[in-house]
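Examining the three-dimensional arrangement
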Amino acid sequence: MNNTDIQPDITEIKNSRIDQVDFSNLQFGKVNADHMMYCDYIDGEWQTPKIVPYGPMEIEPSAKVFHYGQAVFEGMKAFKDENDQVWLFRPEQNFERINKSSKRLAIPEFPEDYFFASLKKLLELDKDWVKKGEGNSLYIRPFVIATENGVSASESDRYRFMIITCPAQAYYNKPIKVIFAQEYSRAADGGVGYAKAAGNYGAQFYPTKLAKAKGLDQIIWTDASSHEYLEEAGTMNIFFRVGDKLLTAPTNDRILDGVTRKSIIQLAKDNDIEVVVEKVSVKEIVNAAKSGELKEIFGAGTAATVVRVEGFEYDDVYHDLPIVDEPYGTFFKKSLQDIQYNRVEDPHGWTVKAF
Ligand SMILES: *Cc1c(COP(=O)(O)O)cnc(C)c1O
C-alpha cells in the first residue's frame, strides 16, 4: 500500500469485546470489531482521520443524510492466510468506486492516502477479528454521509467518511431462487444505479419483500424501459451459462461495476472459458431454460463471492435449473478464494498485504 505521511489519531479500546463473540455462529453484519474510523469534511477540507472504539455517535436530526439520502458506501473484505498475514482483494477498486459514487451524489472525493493509511491501521488494531479458515473474513464497510444540519434541499457542506468492520463467515451459502423483474425497476438511465448509493438499496426492499412472499429470495433486475434485458441482482452481478458459454451484461449507468464480476471475467479468459459480455435477453434465457441449454445462473459479489441460483420465475412460471458436474460457479468461487486466502499464485497482482 502507499506510503503516506498522514496518520490517523488513534484512541484504542480499553477492553476488547472479542471474547464475547461466538465466531462459529455469526449473523452477517451484526457484530462489529473493536474499532471504527471516521473523518469529517469541514470548511472544504477532510480533517485528520480518527480511529476510536466502535460505538454510537451523535448526529443532529436535521443532518441532511436523514432527509435527502446523500450517502454512499463500499463493501470489501480482509482475509487471513495460514501464516496469519492479512490480505485485501483489489482494494484500489473499492477506493476508486467510492469516489465515483460520491461524485454522482455531489459528495467530495476522499483522498487515497487518508483511505489506505486509516484502513491499514484499523486492520492492524483489529487483526484478531480476522479469522483464518475457509469462508472467514472481516467484512469492511466504508461509507460517507452528509452531516450538515438544516433541512433545506441542497447538497451538504459537511460530510463524515467512516469505516466500520464486521467479522463474517461464509455468506449466502444456500442456493437461491430468483424472479426476473417485470414490474419494478432498480435503476434508470441517467440515474444512480452504477453508484453504491444507499437509496438504491432502500428502494429494493419493497419489491424484494413481495418476491419473498412468493417463496423467492431475490430479484434479477431488468432494464427499466423494456424489462427485456437481464441486468443484475440487488447486491450482486449475474452470470448465465448457456452450453459452455458464460454470459453477463456489460456495465452501464444502471449497473454496478462489481469487482467480483470483473475478476470472474478475467478468470474465465485465463481458463479458456468463452465469456460473452453483451446484453442478455430474458427471451434467450427462458428459451435456453426450456431447451435444457441453460446450465447455470450465479450471482457474484464481495459479500457472498459466488451464489448458485437454483431456479427462476418469469411470467408466473418457475424454471428449475439442472445440477451440473463441475459447475463454473464452484470453479470461480474456489479460484477466487484460493487467491484471496493467498493459497495460490496471484498472477494479476490482485491481493495486497494489509499491513
Ligand atoms: C456491491 C454490488 C455488487 C457487487 O460488487 P462487488 O464489487 O463484486 O462486491 C453488484 N451489484 C450491486 C448493486 C452492488 O451493490
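Just so it is clear, the model here is predicted, and its values are computed rather than measured. (Residues numbered from 1 in each chain as written. Predicted model: local features only at pLDDT ≥ 70, side-chain atom pairs only at ≥ 80, totals over all residues. Heavy atoms only, no water.)

The next point concerns the overall build of the protein. When you go through the protein residue by residue, the secondary structure sums to eight helices and 20 strands. Relative to the 2.2 N^0.38 estimate, which gives 20 Å for 355 residues, the radius of gyration of the protein is 21 Å and therefore close to what a compact globule would have. Counting only C-alpha atoms and orienting by the principal axes, one finds that the protein spans roughly 60 × 50 × 35 Å. Evaluated residue by residue, the protein yields a buried proportion of 53% over its 355 residues. Contacts in the protein between residues far apart in sequence, at least 24 positions, make up 72% of those at least 6 positions apart. Carbon and sulfur atoms make up 46% of the accessible area of the protein, which amounts to about 16,700 Å² in all. Charged side chains of the protein number 42 positive and 54 negative; the gap between the two group centres comes to 2 Å. (Helix = DSSP H or I, 4+ residues; strand = E, 2+ residues; numbered from the N terminus. Rg over C-alpha atoms; globule rule 2.2 N^0.38 Å. Buried < 20%, exposed > 50% of the residue type's maximum accessible area, 1.4 Å probe, protein only. Contact = heavy atoms within 4.5 Å. Areas by Shrake-Rupley, 256 points an atom, 1.4 Å probe, with all protein chains shown as cover. Lys, Arg positive; Asp, Glu negative; His and termini not counted. Charge placed at Lys NZ, Arg CZ, Asp CG, Glu CD.)

So, on to the environment of tyrosine 184. Positionally, tyrosine 184 belongs in the loop between β10 (176–180) and α4 (198–202). Residues tyrosine 184 and phenylalanine 23 lie 161 residues apart in sequence; the distance between their C-alpha atoms is 38 Å. Discounting residues that sit within four places of it in the chain, tyrosine 184 has contacts with Tyr206, Pro207, Leu210, Trp221 and His227.

Segmenting the protein into domains produces domain 1 (9–169) and domain 2 (176–340). Distance between the C-alpha centres of domain 1 and domain 2: 27 Å. In this assembly, 20 residues from domain 1 lie in contact with 21 residues from domain 2. For the pair domain 1 and domain 2, the two sides together bury roughly 1,900 Å², of which 59% comes from carbon and sulfur. (Domains from an automatic or database assignment. Buried area = accessible area lost by both parts, 1.4 Å probe.)

Every buried residue of helix α5 (residues 205–213) is listed here: Pro207, Thr208 and Ala211. Mapping the buried residues of α5 onto a view down its axis gives an arc of 100°, with all of them on the same face. Along α5, the residues that are exposed and aim more than 90 degrees away from the buried face are Phe205, Lys209, Lys212 and Ala213. The inward-facing, buried residues of α5 abut β10 and β11 (218–222). Trailing α5 by a residue or two, glycine 215 shows a phi angle of about 90°, which is positive. (Arc of directions from axis to C-beta.)

Every one of the 15 residues lining the ligand counts as a neighbour, but Lys196, Tyr201, Glu232, Thr260 and Thr302 are closest to it. A distance of 2.5 Å separates a nitrogen atom of the ligand from a polar side-chain atom of glutamate 232. Look at the ligand: alone it shows 380 Å² of surface, and the protein chains cover 97% of it. Split into classes, the residues belonging to the shell around the ligand amount to four nonpolar, seven polar and four charged. (Near = heavy atom within 4 Å. Polar contact = N/O pair within 3.5 Å; in protein donor to acceptor, adjacent residues only side chain to side chain. Nonpolar A, V, L, I, M, F, W, Y, C, P; charged D, E, K, R; others polar.)

Here we come to the pairing of strand β14 (residues 245–248). For strand β13 (residues 237–242) and β14, the ladder comprises three bridges, and the chain directions are antiparallel. Across the sheet, arginine 241 pairs through a bridge with leucine 246, a residue of β14. Taking the residues between adjacent antiparallel strands as the criterion, β13 and β14 are bridged by two residues, where glycine 243 takes a positive phi near 60°. Here β14 pairs with strand β15 (residues 275–277) via three bridges, running parallel. (Pairing = 2+ DSSP bridges.)

Glancing now at the environment of glutamate 274. Tracing the chain through its elements places glutamate 274 in the loop between α6 (259–270) and β15. By relative accessible area, which is 46% here, glutamate 274 ends up partly exposed. Separated by 85 residues in sequence, glutamate 274 and aspartate 189 place their C-alpha atoms 29 Å apart. What glutamate 274 contacts, discounting residues up to four positions off in sequence, is Asp244, Lys245 and Leu246.

The next point concerns the packing of aromatic side chains. Taken as a whole and assessed by the stated rule, the structure comprises 22 aromatic pairs. When the centroid spacing of 6.2 Å and the interplanar angle of 50° are considered together, the rings of phenylalanine 180 and tyrosine 314 count as tilted. Placement of the pair is phenylalanine 180 in strand β10 and tyrosine 314 in strand β18 (residues 305–314), with a sequence separation of 134 residues. Phenylalanine 180 gets classed as buried once you look at its relative accessible area, which sits at 1%. Take tyrosine 314: its relative accessible area is 19%, and that puts it in the buried class. These aromatic residues form a ring-pair network of at least three members: Tyr41, Trp46, Phe95, Phe110, Tyr114, Phe115, Phe116, Tyr159 and Phe161. The cationic tip of lysine 131 hangs over the ring face of phenylalanine 23; the distance from NZ or CZ to the ring centre is 4.6 Å. The positively charged end of arginine 241 is found above the aromatic ring belonging to tyrosine 328, 3.9 Å away from the centroid. (Phe/Tyr/Trp six-rings, centres within 6.5 Å; stacked < 30°, edge-to-face > 60°. Lys NZ or Arg CZ within 6 Å of the ring centre and 35° of its normal.)

The end-to-end C-alpha distance of helix α3 (residues 112–125) is 20 Å, a good match for the 20 Å that 14 residues give at a rise of 1.5 Å each. Among the residues making up α3, those that are buried are Tyr114, Phe115, Phe116, Ala117, Ser118, Leu119, Leu122 and Leu123. (Expected span 1.5 Å × (residues − 1).)

As recorded in UniProt, the sites labelled "modified residue: N6-(pyridoxal phosphate)lysine" (unreviewed entry) are Lys196. Once you skip the residues sitting within four places of it in the chain, lysine 196 turns out to touch Ala71, Val72, Phe73, Glu74, Gly75, Arg97, Ser101, Tyr201 and Leu256. (UniProt positions renumbered as here; feature names shortened; annotations may be inferred.)

Further remarks concern empty space enclosed by the protein. The final tally for this structure, using the stated rule, is three cavities of 30 Å³ or more. Considered as a void within the structure, the largest cavity measures approximately 130 Å³ in volume. Considering the residues around the largest cavity, the lining is formed by Gly75, Met76, Lys77, Phe79, Phe89, Asn94, Val259, Thr260, Gly301, Thr302, Thr305 and Gln340. Secondary structure elements with two or more residues in the lining of the largest cavity: β6 (76–80) and α6. Looking at the lining of the largest cavity element by element, the count peaks at three residues for β6. The residue inventory of the lining of the largest cavity, partitioned by class, reads four nonpolar, seven polar and one charged. Reported here for the second largest cavity is a volume of approximately 90 Å³. As for the second largest cavity, its lining consists of 14 residues, of which Lys77, Gly135, Ala170, Thr305 and Gln337 are closest to the centre. Those elements that place two or more of their residues in the lining of the second largest cavity are β6 and α8 (328–340). With three residues, the top contributor of residues to the lining of the second largest cavity is α8. Here the residues of the lining of the second largest cavity are counted per class, giving six nonpolar, six polar and two charged. Looking at which domains feed residues into the lining of the second largest cavity, each of domain 1 (9–169) and domain 2 (176–340) gives three or more. (1 Å grid on protein atoms, 1.4 Å probe; cavity = no way out; pocket = protein on both sides within 12 Å on 5 of 7 lines; lining within 4 Å. Points joined across faces, edges and corners; volume = space filled by probe spheres on them.)

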